[in-house]
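Chain by chain, the residues:
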Amino acid sequence: MKLGIVGLPNVGKSTLFNSLTKAGAESANYPFCTIDPNIGIVSVPDERLGVLAKMNNSAKIVPATIEFVDIAGLVKGASKGEGLGNQFLSNIREVDAIIHVVRCFEDNNIVHVDGNIDPLRDIETINLELLFSDLEILERRIAKLVKSVKGDKSFVKEKELAENLKTHLEDGKMAKSYQISDDEEKALIESFNLLTYKPVIYAANVAEDELADDAQSNNNVKAVREYAKAEGSEVFVICAQIEQEIAELDDEERKMFLEDLGLKESGLEKMIRASYSLLGLISYITSGEMETKAWTIKRGTKAPQAAGKIHSDFERGFIRAEVVSYNHLVEYGSMNAAKEKGLVRSEGKEYVVQDGDVVLFRFNV
C-alpha cells in the first residue's frame, strides 16, 4: 500500500511523516522545508505474526508494509507554479490513497500561511490545487485522444469520458463524485490517475490535551468529520508532536507512554486502520519454519488470486487452500490440534479469503 501525505505548510505534515517513518525528513517553522519528496517504508503492526512465529519456530517475521510519500507543503496557486509548484503533485499520482493533514490546533508560535486556523478553508485550498492539476492532465489527454479518434473510432468513448470529466471538474467537483455508468468507464477513469479520484483520509492534527477523548470538544475536528462524512472519507485524530516523541521509544516504553496519555493505539495504528477500512483491505497469513508473513489483499479476493500475491505460479497451478482462522489456531496451539478438531478446512477456487486466515496453498505447475 502506498499513501501520499499532503497539506498546507506548517500543519504538522513533515512532523507526522518523521514520526511514522523515523526517516528524519526536515521539519521547520517555515514553508517549503521539504524540497524533495520524502519516501519512507513502514511495517504494519500485527501482533498475530509474533504469536504464529513463536508457535512455528519461524526464522523470520515479514509484516505487511506501507510506503509513505511526503511532498512539500502546498499553497494556493501550487498547480500554477506557486511555492514549490506543480512538480510535487506528480509524486502522488501513483499512490493508493491520500493522507490530508489538517491543522486543528491553535499555537501562536507556529505561523499559518493564511493567518488563522480554518480547516475547511485549508481543505478547499488543497482540493482546488489537486483539481487544477487534474484539469491539466485531462486537457493533455483530450488533445491526444482527439488525434487518436481520427484514425481509430475505438477511442471515442474514452475521449467523451475525458471531456465529460473535464466539465465536471470545471464545475468545482472532485472526480470521485462523477457518476460512473459501467465497469469500462471505471477502468478508464482509473487509468487517468486523477488526484481528485483517489480516496482521502483526513489526519486532524490536534493539541496533546485533546487526544484522550479523540478531540470530541474540538469544533475544528467536528467540522472536518462532517466534511469527510459528506464525501465518504475517513478521519483520524492525531497529535503529530506526540507521535514524534513516541517514535523515539521502544515497544514497551511506547505502550506505557500511550497508557499514561489514556490512549489505546498510536497515530500510526489509527492511520493504518483507517487506510485498510477505506481501501477495503485485509491481511491473510502464511506461517512455517522459514517465515511468518502477512499478505495484504482486497476484501472479497478469492483463494487463487490471494495465492497469486505470493507467486503467479501459485495462482496458475492452484489446487486448493488449507485454511484455519487465526483465533482457532491460537486456541488449540498447533495446526495438527486444529485439524483434529475439524477446524482446518480444504477450500477451492471460489473460497473468499478472510482477514486473519492462516493459509497453506497447494498448487501444481
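Rules used in this analysis
- Residues numbered from 1 in each chain as written.
- Predicted model: local features only at pLDDT ≥ 70, side-chain atom pairs only at ≥ 80, totals over all residues.
- Heavy atoms only, no water.
- Helix = DSSP H or I, 4+ residues; strand = E, 2+ residues; numbered from the N terminus.
- Contact = heavy atoms within 4.5 Å.
- Salt bridge = Lys/Arg side-chain N within 4 Å of Asp/Glu carboxyl O.
- Buried < 20%, exposed > 50% of the residue type's maximum accessible area, 1.4 Å probe, protein only.
- 1 Å grid on protein atoms, 1.4 Å probe; cavity = no way out; pocket = protein on both sides within 12 Å on 5 of 7 lines; lining within 4 Å.
- Points joined across faces, edges and corners; volume = space filled by probe spheres on them.
- Nonpolar A, V, L, I, M, F, W, Y, C, P; charged D, E, K, R; others polar.
- Axes fitted to C-alpha atoms, helices over the stretch in contact; angles between N-to-C directions.
- Parallel < 35°, antiparallel > 145°, perpendicular 65-115°, else oblique.
- Left-handed = near helix turned anticlockwise from the far one by under 90°.

### Some thoughts on the side chain of Ser283
Following the sequence through the fold, Ser283 ends up in strand β8 (residues 281-287). Aside from chain neighbours lying at most four places away, what touches Ser283 is Arg48, Tyr276, Trp295, Thr296, Gln354, Asp355, Gly356 and Asp357.

### Digging into the pattern of salt bridges
Here the idea is simple: oppositely charged side chains can pair when their charged atoms come close. Per the stated rule, a full pass over the model turns up 22 salt bridges. Two residues, Arg140 and Glu136, come together in a salt bridge whose shortest N-O distance is 3.1 Å. Here Arg140 pairs with Glu136, and both are found in helix α3 (residues 119-151), just 4 residues apart, close to one helical turn. Relative accessible area serves as the criterion here: at 46%, Arg140 is assigned to the partly exposed category. Judged by its relative accessible area of 28%, Glu136 falls in the partly exposed class. The shortest N-O distance in the salt bridge between Glu163 and Lys159 comes to 3.1 Å. Residue Glu163 and its partner Lys159 are both found in helix α4 (residues 156-170); the two are separated by 4 residues, about one turn of the helix. Residue class for Glu163 comes out partly exposed when judged on its relative accessible area of 29%.

### Focus: the layout of surface pockets
The gaps of empty space that remain are located by a probe, the size of a water molecule, rolled over the atoms. Roughly 1,000 Å³ of internal volume is contained in the largest pocket. Along its surface, the largest pocket is lined by 33 residues, and Pro45, Asp46, Arg254, Ser266 and Glu269 are the ones closest to its centre. Listed by contribution, the elements that provide at least two residues to the lining of the largest pocket are α1 (13-21), β2 (38-43), α2 (47-56), α7 (240-247), α8 (251-260) and α9 (267-279). Element by element, the count of residues in the lining of the largest pocket is highest for α9, at 6 residues. Across the lining of the largest pocket, the residue classes break down as 14 nonpolar, 6 polar and 13 charged.

### A closer look at empty space enclosed by the protein
Within the structure shown, the criterion is met by 1 cavity of 30 Å³ or more. Taken as a whole, the largest cavity spans an internal volume of roughly 40 Å³. At the level of elements, β7 (234-238), α7 and α9 are the ones that each hand at least two residues to the lining of the largest cavity.

### Comments concerning the packing of α1 against α7
Their axes nearest at 8 Å, the elements α1 and α7 cross at an angle of 25°. For the element pair α1 / α7, the angle class is roughly parallel. In this structure, α1 crosses over α7, and the sense of that crossing is left-handed. Seen from α1, the contacting residues are Thr15, Leu16, Asn18 and Ser19; seen from α7, they are Ala240, Gln241, Glu243, Gln244 and Ala247. Of the residues in the contact of α1 with α7, the class split is 3 nonpolar, 5 polar and 1 charged.

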